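Each chain, letter by letter, is given below.
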Amino acid sequence: MIVPMKKVQIVVLKEDHEQLMLNLQKTGEVMLIEHPEISQKSDATTEEIMLQRTRKTLGLLKKYRDKPKFVKELNKVDYDDFVSNIDQRIELLEKIEETYEEIQHLKADNATLQETLKTYQPWEQLTVPFDKIVNTKYAYLHTGFIEPRYCQDFIRILDEHGSEYELLGKTYDGQAVFFANYYADDLAVMESLRAFNFTENALPKLPLTANQLLSEKEAQLQANNDRIKELEEALAQYAKHAGDLEILTDQVSSIEVRKTAPVIPTDATVYVEGWVRHDRVDKVIEAIKETTDIFDCEFSDPLPDELPPTVTQNNRFVAPFEIITNMFATPSPYEVDPNPMMSFWYWIIFGIMMGDAGYGLVMLLFFWAFIKIKKPKGNTLNLYKILMYSGITTMIWGIVFGSYFGFEWHPFGLKPLLTPLNNPLEMLVMSLVIGGLHIISGLLVKAYDNFRKKDFVAVFSDSLSWILLLVGIGFFFLPQLSNIGKYLALAGALIIVFFAGRKNRNPVKRIGSGLYSLYGATGYMSDILSYSRILALSMSSGVIALVMNLLAQMVQGDLSTFSFMTIIKLLMAMVVYFVGHVFNLAMGLLSAYVHASRLQYIEFFGKFYEGSGYAFTPLENKLTYIDELNVN
Amino acid sequence: MSTGLLIAIIGALLSTIVAGLGSAIGVQMAGKAATGVVSERPELFGKLLILQALPGTQGIYGFLVSVLVFVELGFLSGSPELALETAKGWAFFGACMPITIIGLLSALYQARMAVYSIQMTAKQPDAAAKGMTMTVLVETYAILALLVSILLVTNII
């Protein structure tokens, strides 16, 4: 059912503003109303930046953290801790950031060092300190690279001019060379060498030999690596406190939510307006009283031109299915809650589409265990609950079809009522009948809605007429009832023709518009035919299960004679059974989920549902990592 | 083996091959779009995987019809109808055609819808269910084709 809402208006002194917001956030019962022109929000840039930092750091720490435990433990935090202890967590964040930055810095330094090592490696054999390589009066000294293929030419030219040379290490730049020319020949030698792509490479004037330089850099590299190791160990230690960063994320995002909550300030006071459930008014009053004694507060019913947010409240079975409706559209607060009816049909149709007792049992147990062990929350939890509940109908329909993991089985002499594979036509008829009933139930919801609004003519002409027509056509196919069916259908059609166009005063227009409405019957027909997908999906999951079993039996072979090979074959067959059925179950769940949803959205909701509401999103703590806040 | 049986087998093979081809291409198209989004927003993987899998059903439908033909022809029970009349062979062939042709085309068109829905989900993750519903609408015609194929295949002999 849809919960009636109240509008709350609160005025407090300016100095109580923050405390009020904190207390309202703690109760999580008020959805603030924003008036675009006069509402004000505080600046939350600091929080946004802080959130980016915590998320980034959490990402960095991920590889240092222990794997999450198989059985999830709920993350519980005390409320007082949550609202007060922020600074020490920020301190932790800063320490981790510093450590990480130092690592980055050292790694960049290492890259430069590696580059330097590479540059000086070819000069390793040069035993002279670099700053001693200077031209003398008669000898001009050169260092540089020559391509290896021109080495012979290089030696020839230098020999011709009587120069001294030394061939050093090789790199991708070429062969490193060191040579001395007689000063008078220098120009000529260099000119000839240029033809062989000699590149001069001046060495830095350092009082070190290449060897000394290299070992110095290597030592530095080693020191850096040691430091990096140390820092990474520190990070691994910090990773044990990553939980604090997660709490910090939730703390900061809750502050952000609070700060950006719209309020209307005056000179000395703050005015807050919001929606609250009519049955939670006391809690809001309590929250305000906890803040201050000086306040003004008023609750009122929504005015006719106001659209409050929608809160639906349903029993444990129906509630998870609300996500299916909300994915399509949130109900308007003034219409009938579609969820009780929708959930029932979704449950049934999902079951037929899966239609295997074995799969149903697996769904029930698997999703039950998953919820118990992994403790998901929010929409994920609801989805798993839907799948778990649908396991029950899947089992029931599996027994009806006599299908157990694709094997036909009829325990206790139960005769299969229907098997999609052997009776496709009967199954098709059943699918269409279910479609007809589904649509009729949609029309009944609409009738109830009009009845509530005291529009009795609409109940009669927009819902009952179509129900008569549909039931009549249905009866028409049953030999015993075909006569009654004829009259029912005719009565329905006549009501539609005479009443659907009742808004028109002109009788001709009225009948014309009524006839046009009757043409809508084609829409109903295509809607009902659309339910034939129930047969298609139920059959496809059945046939694939059958094929998987056939494959496995081929692998398994004959089991009557026992030998070592039979065990091997049996094991291999088990793998085929397992993989095949897991695949089929997963694909079947996907198809059943989308197609059962589609039947609700298009065929069922199309008959009555407006869905023009918006969700109730109260001011509350935004908890991503924390599961529970313990309020004392 | 009679000509009729051969024709029936060819029809059955075509429905798996052609509808499967459509689904393979379709899933690949949607997958390409999804990888681009996932590289930027890894948290959307679950939603996009569902959208990517949607054009995959046609291949399964084609396969389903093939298996039904094999069941009808007695291949799976070990006593094939070796003397199937040519006319009946053509009847099986024709019965396979709706899902063969519509399976191929609807998988390709559904894949385009899936790509658009993936792009929509990338911009607005909450709209994933709407995208799914719109994409599934295309599949209706594959399902109708499948039904026609099933009803024909199971009623020829």
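### What to know about the overall build of chain A
No. 1: The secondary structure content of chain A amounts to 20 helices and 13 strands.
No. 2: Relative to its length of 632 residues, chain A is extended, with a C-alpha radius of gyration of 40 Å against a globular reference of 26 Å.
No. 3: Looking at chain A as a whole, 46% of its 632 residues are labelled buried.
No. 4: In the form shown here, chain A has an accessible surface area of approximately 33,400 Å², with 60% of it arising from carbon and sulfur atoms.

### Points about the domain arrangement of chain A
No. 1: Each assigned domain of chain A is listed with its residue range as follows: domain 1 (1-35 + 261-313), domain 2 (134-202) and domain 3 (324-607).
No. 2: The centre of domain 1 of chain A, based on its C-alpha atoms, is set 88 Å off from the matching centre of domain 2 of chain A.

### Regarding helix α9 (residues 281-291) of chain A
Residue and element names in this part refer to chain A.
No. 1: Buried within α9 we find Val 281, Val 284, Ala 287, Ile 288 and Thr 291. Projected down its long axis, α9 shows its buried positions confined to an angular sector of 125°, all on one face. Exposed side chains of α9 directed beyond 90 degrees from the buried face belong to Asp 282, Glu 286, Lys 289 and Glu 290.
No. 2: Contacts made by the buried residues of α9 are with β1 (5-13), α1 (17-27), β9 (269-277) and β10 (295-300).

### Structural notes on the nonpolar core
Residue and element names in this part refer to chain A.
No. 1: Tyr 346, Phe 350 and Ile 352 are the most contacted members of the largest nonpolar core, which has 108 residues in total.
No. 2: Setting aside chain neighbours within four positions, we find Phe 350 in contact with Met 363, Leu 387, Ser 390, Thr 394, Leu 589, Ala 592, Tyr 593 and Ala 596.
No. 3: Counting residues in each nonpolar core, the second largest holds 21 residues, with Ile 90, Ile 228, Leu 245 and Leu 248 among its members.

### Describing a nonpolar patch on the surface
Residue and element names in this part refer to chain A.
No. 1: A grouping of Phe 562, Phe 564, Met 565, Ile 567, Ile 568, Leu 571 and Met 572 is seen on the molecular surface, where their side chains present a nonpolar patch of about 780 Å² in accessible area.
No. 2: In this structure, Phe 562 sits in the loop between α19 (532-556) and α20 (564-604).
No. 3: Accessibility expressed as a relative area gives 70% for Phe 562, which makes it exposed.

### Points about the environment of Lys 446 of chain A
Residue and element names in this part refer to chain A.
No. 1: Mapped onto the fold, Lys 446 is located in helix α14 (residues 424-452).
No. 2: Judged by relative accessible area, Lys 446 falls into the partly exposed class, the value being 26%.
No. 3: In this structure, the C-alpha to C-alpha distance between Lys 446 and Glu 101, residues 345 residues apart in sequence, is 63 Å.
No. 4: Dropping the residues within four chain positions of it, Lys 446 is found in contact with Asp 462, Ser 463, Lys 607 and Phe 608.

### As for helix α11 (residues 339-354) of chain A
Residue and element names in this part refer to chain A.
No. 1: Given a rise of 1.5 Å per residue, 16 residues ought to cover 22 Å, and the 22 Å separating the end C-alpha atoms of α11 matches this to within 8%.
No. 2: Where burial is concerned, most of α11 is hidden: 13 out of the 16 residues are buried.
No. 3: Residue Gly 355 follows α11 closely and has a positive phi angle near 55°.

### A look at a negative patch on the surface
Residue and element names in this part refer to chain A.
No. 1: Taken together, the side chains of Asp 87, Glu 91, Glu 94, Glu 98 and Glu 101 make up a negatively charged region of the molecular surface.
No. 2: Considering the arrangement of structural elements, one finds Asp 87 in helix α4 (residues 87-120).
No. 3: The exposure class assigned to Asp 87 is exposed, which follows from its relative accessible area of 62%.

### Remarks on the interface of chain A and chain B
No. 1: With 26 residues of chain A at the interface, the matching set in chain B holds 26 residues.
No. 2: Summed over both sides, the interface of chain A with chain B buries roughly 2,300 Å², with 84% coming from carbon and sulfur.
No. 3: Run the count over chain A and chain B and you get zero salt bridges.
No. 4: Where chain A touches chain B, the interface holds three residue pairs in polar contact (both at pLDDT 80 or more).
No. 5: Going through the elements one at a time, α10 (322-328), α14, α19 and α20 of chain A are the ones with two or more residues in the side of chain A that touches chain B.
No. 6: In terms of residue count, α19 of chain A provides more of the side of chain A that touches chain B than any other element does, 11 residues in total.
No. 7: Classifying every residue of the side of chain A that touches chain B by side-chain character gives 20 nonpolar, four polar and two charged.

### Considering unusual backbone geometry
Residues and elements named next belong to chain A.
No. 1: The backbone of Lys 375 shows a phi angle near 45°, a positive value even though the residue is not glycine.
No. 2: Within the secondary structure, Lys 375 sits in the loop between α12 (357-374) and α13 (378-401).
No. 3: The phi angle at Phe 405 is positive, at roughly 50°, despite the residue not being glycine.
No. 4: Within the element layout of this structure, Phe 405 appears in the loop between β11 (403-404) and β12 (407-408).

### Notes on the pattern of salt bridges
Residue and element names in this part refer to chain A.
No. 1: Counted according to the given criterion, the structure contains 27 salt bridges over all chains.
No. 2: Close ionic contact of Asp 244 with Arg 89 constitutes a salt bridge, the shortest N to O distance being 2.9 Å. Of this pair, Asp 244 sits in helix α8 (residues 242-259) while Arg 89 sits in helix α4, placing them 155 residues apart in sequence.
No. 3: Judged by relative accessible area, which is 6%, Arg 89 ranks as buried.
No. 4: Between Lys 607 and Asp 527 there is a salt bridge, with its nearest N and O atoms 2.6 Å apart. In this pair, Lys 607 sits in the loop between α20 and β13 (628-630) while Asp 527 sits in helix α18 (residues 521-529), placing the two residues 80 residues apart along the sequence. Asp 527 shares its class with Lys 607; the two are buried.
No. 5: The structure contains a network of salt bridges with shared partners spanning Lys 7, Glu 273 and Glu 306.

### Comments concerning the packing of helix α17 (residues 507-519) of chain A against α18 of chain A
Residues and elements named next belong to chain A.
No. 1: Direction vectors running N to C along α17 and α18 enclose 10°, while the axes themselves pass 4 Å from each other. Taken together, the axes of α17 and α18 lie roughly parallel to each other. Contacts from Ser 517, Leu 518 and Tyr 519 of α17 reach α18 at Ala 521, Thr 522 and Gly 523.

### Here's the deal with the packing of aromatic side chains
Residue and element names in this part refer to chain A.
No. 1: The full count for this structure, using the stated rule, is 38 aromatic pairs over all chains.
No. 2: Judged by centre distance (5.2 Å) and plane angle (80°), the ring pair of Phe 317 and Trp 347 falls under edge-to-face. Taken together, the residues span a long stretch of sequence, with Phe 317 in the loop between β10 and α10 and Trp 347 in helix α11 at a distance of 30 residues.
No. 3: Looking at Phe 317, the relative accessible area reads 27%, which means it is partly exposed.
No. 4: Here Phe 451 and Phe 456 contribute two aromatic rings whose centre-to-centre distance is 5.5 Å and whose plane-to-plane angle is 65°, an arrangement assigned as edge-to-face.
No. 5: On the basis of relative accessible area, Phe 456 is assigned to the partly exposed category, the value being 46%.
No. 6: Site record: aromatic cluster; members linked through ring pairs are Phe 317, Phe 321, Tyr 346, Trp 347, Phe 350 and Tyr 389.
No. 7: Across the ring face of Phe 499, the terminal group of Arg 510 is positioned such that the distance to the ring centre comes to 5.6 Å.
No. 8: Residue placement shows Lys 607 over the ring face of Tyr 524; its charged tip is 4.9 Å from the ring centre.

### Concerning the packing of helix α16 (residues 482-499) of chain A against α17 of chain A
All names here are of chain A.
No. 1: Orientation of α16 relative to α17, taken along the N-to-C sense of each, is 135°, at an axis distance of 6 Å. In this view, α16 runs oblique relative to α17, as classed from their interaxial angle. Across from Ala 493, Ile 496, Val 497, Phe 498 and Phe 499 in α16, the residues of α17 making contact are Arg 510, Ile 511, Gly 514, Leu 515, Ser 517 and Leu 518.

### Here's the deal with the sheet that holds strand β6 (residues 174-182) of chain A
All names here are of chain A.
No. 1: Ordered by their spatial adjacency, four strands build an open sheet running β5-β6-β4-β7, and the pairing between neighbours is antiparallel. Looking at the sheet topology across the chains shown, the edges are occupied by β5 (164-171) and β7 (199-200).
No. 2: On the sheet, helix α6 (residues 186-194) packs against β4 (139-146), β6 and β7 and is oriented at approximately 155° with respect to β6.

What counts, and where the lines are drawn
- Residues numbered from 1 in each chain as written.
- Chains lettered and ligands numbered in written order.
- Predicted model: local features only at pLDDT ≥ 70, side-chain atom pairs only at ≥ 80, totals over all residues.
- Heavy atoms only, no water.
- Helix = DSSP H or I, 4+ residues; strand = E, 2+ residues; numbered from the N terminus.
- Rg over C-alpha atoms; globule rule 2.2 N^0.38 Å.
- Buried < 20%, exposed > 50% of the residue type's maximum accessible area, 1.4 Å probe, protein only.
- Areas by Shrake-Rupley, 256 points an atom, 1.4 Å probe, with all protein chains shown as cover.
- Domains from an automatic or database assignment.
- Arc of directions from axis to C-beta.
- Contact = heavy atoms within 4.5 Å.
- Core = buried A, V, L, I, M, F, W, Y, C linked by side-chain atoms within 4.5 Å.
- Patch = residues over 30% accessible without salt bridge, like charges linked within 9 Å, V, L, I, M, F, W, Y side chains within 5 Å.
- Salt bridge = Lys/Arg side-chain N within 4 Å of Asp/Glu carboxyl O.
- Expected span 1.5 Å × (residues − 1).
- Lys, Arg positive; Asp, Glu negative; His and termini not counted.
- Charge placed at Lys NZ, Arg CZ, Asp CG, Glu CD.
- Buried area = accessible area lost by both parts, 1.4 Å probe.
- Polar contact = N/O pair within 3.5 Å; in protein donor to acceptor, adjacent residues only side chain to side chain.
- Nonpolar A, V, L, I, M, F, W, Y, C, P; charged D, E, K, R; others polar.
- Axes fitted to C-alpha atoms, helices over the stretch in contact; angles between N-to-C directions.
- Parallel < 35°, antiparallel > 145°, perpendicular 65-115°, else oblique.
- Phe/Tyr/Trp six-rings, centres within 6.5 Å; stacked < 30°, edge-to-face > 60°.
- Lys NZ or Arg CZ within 6 Å of the ring centre and 35° of its normal.
- Pairing = 2+ DSSP bridges.

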